[in-house]
Amino acid sequence: MSDTLDEIICPACHKPMKKIYLETQKFNVDICLDGCGGIYLDNRETNKIDEKQEDITPILEAVINKQFEKVDVTAKRICPVCGHLMVKNNSSHLGGVQIDECYNCGGKFFDKDELIKFRNEFESEEDRIKAFNEYSKSIVASANAEFLGKKTYGSMINDIIKSYKEFN
Ligand SMILES: [Zn+2]
Ligand SMILES: [Zn+2]
């Protein structure tokens, strides 16, 4: 859990991150205010601020008019909370943004502006799920369209699992 008073170190630029308290959600998020502008969220936190209509005014106020360091967004990151290697996943099948995720503790790291882009990608969580379901169906449809002997049921399922992982 990142919602402790422990200072965490930014996985992108290695500067200490600052806690910003979100009044509406009543928890702290970690933002790299003195470095790259990245945001680290634990699993529980992400769900409460990933939709467009969820209030993140304190985050926006903290980053407005600030100059942040440029970082290599393609570099591999280590989870600042548990030390596991984070995995880059696209936020949706549309590409969207690449989010660094820790499969061990559920933490997510958004580079500067990525959280905003992520929030703006779909109107709501339901729309995100709907888009994913439609995409899954299209994979099944295209797999069915292929000659059965060519594409096995197992590889079709793997495609779905793979896109599900990329999506989440
Ligand atoms: Zn940083
Ligand atoms: Zn972790």
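Below: a short report on this structure. (Residues numbered from 1 in each chain as written. Chains lettered and ligands numbered in written order. Predicted model: local features only at pLDDT ≥ 70, side-chain atom pairs only at ≥ 80, totals over all residues. Heavy atoms only, no water.)

### Points about the layout of surface pockets
The condition that has to hold: As defined here, a cavity is a set of points on a 1 Å grid over the protein atoms alone where a 1.4 Å probe fits but cannot get out. A pocket is an open set with protein on both sides within 12 Å along at least five of seven lines, and residues line them when an atom is within 4 Å of a point. Grid points are joined across faces, edges and corners, and a volume is the space filled by probe spheres set on the points. Elements are defined by DSSP. Helices are runs of H or I of four residues or more, strands are runs of E of two residues or more, and each kind is numbered from the N terminus. Asp, Glu, Lys and Arg are counted as charged, while Ala, Val, Leu, Ile, Met, Phe, Trp, Tyr, Cys and Pro are counted as nonpolar; the rest, among them Gly, fall into the polar class.
Its volume calculated, the second largest pocket comes out at about 190 Å³. The wall of the second largest pocket is formed by 14 residues, among which Gly37, Val63, Lys112, Asp113 and Ile116 lie closest to the centre. Looking at the lining of the second largest pocket, the elements that each hand over two or more residues are helix H2 (57-63) and helix H3 (114-121). By residue class, the composition of the lining of the second largest pocket is 8 nonpolar, 1 polar and 5 charged.

### Some points on the coordination of the zinc ion (ligand 1)
Going by this rule: Donor atoms (N, O, S) are those found within 2.8 Å of the metal centre, with the cutoff raised to 3.2 Å for Na, K and Ca; water is not part of the atom list, so apparent gaps in a site can occur. The buried label goes to any residue with under 20% of its type's maximum accessible area, the exposed label to any with over 50%, and the partly exposed label to all in between, with areas taken from a 1.4 Å probe on protein chains only.
All of the protein donors around the zinc ion (ligand 1) are Cys10 (SG), Cys13 (SG), Cys32 (SG) and Cys36 (SG); their distances to the metal are 2.2 to 2.3 Å. The sequence motif formed by the donor residues of the zinc ion (ligand 1) is C-x2-C-x18-C-x3-C. Of the two residues, cysteine 32 and cysteine 36, neither departs from the other in class, the shared state being buried.

### Notes on the pairing of strand E4 (residues 87-92)
The condition that has to hold: A strand pair is defined by DSSP finding two or more bridges across the two strands.
Pairing geometry for E4 and strand E5 (residues 95-101), over 5 bridges, is antiparallel. Following the sheet pairing, asparagine 90 is matched in E5 by glutamine 98. Hairpin remark: E4 followed by E5, antiparallel, with 2 residues in the connecting loop.

These figures capture arrangement, not role.
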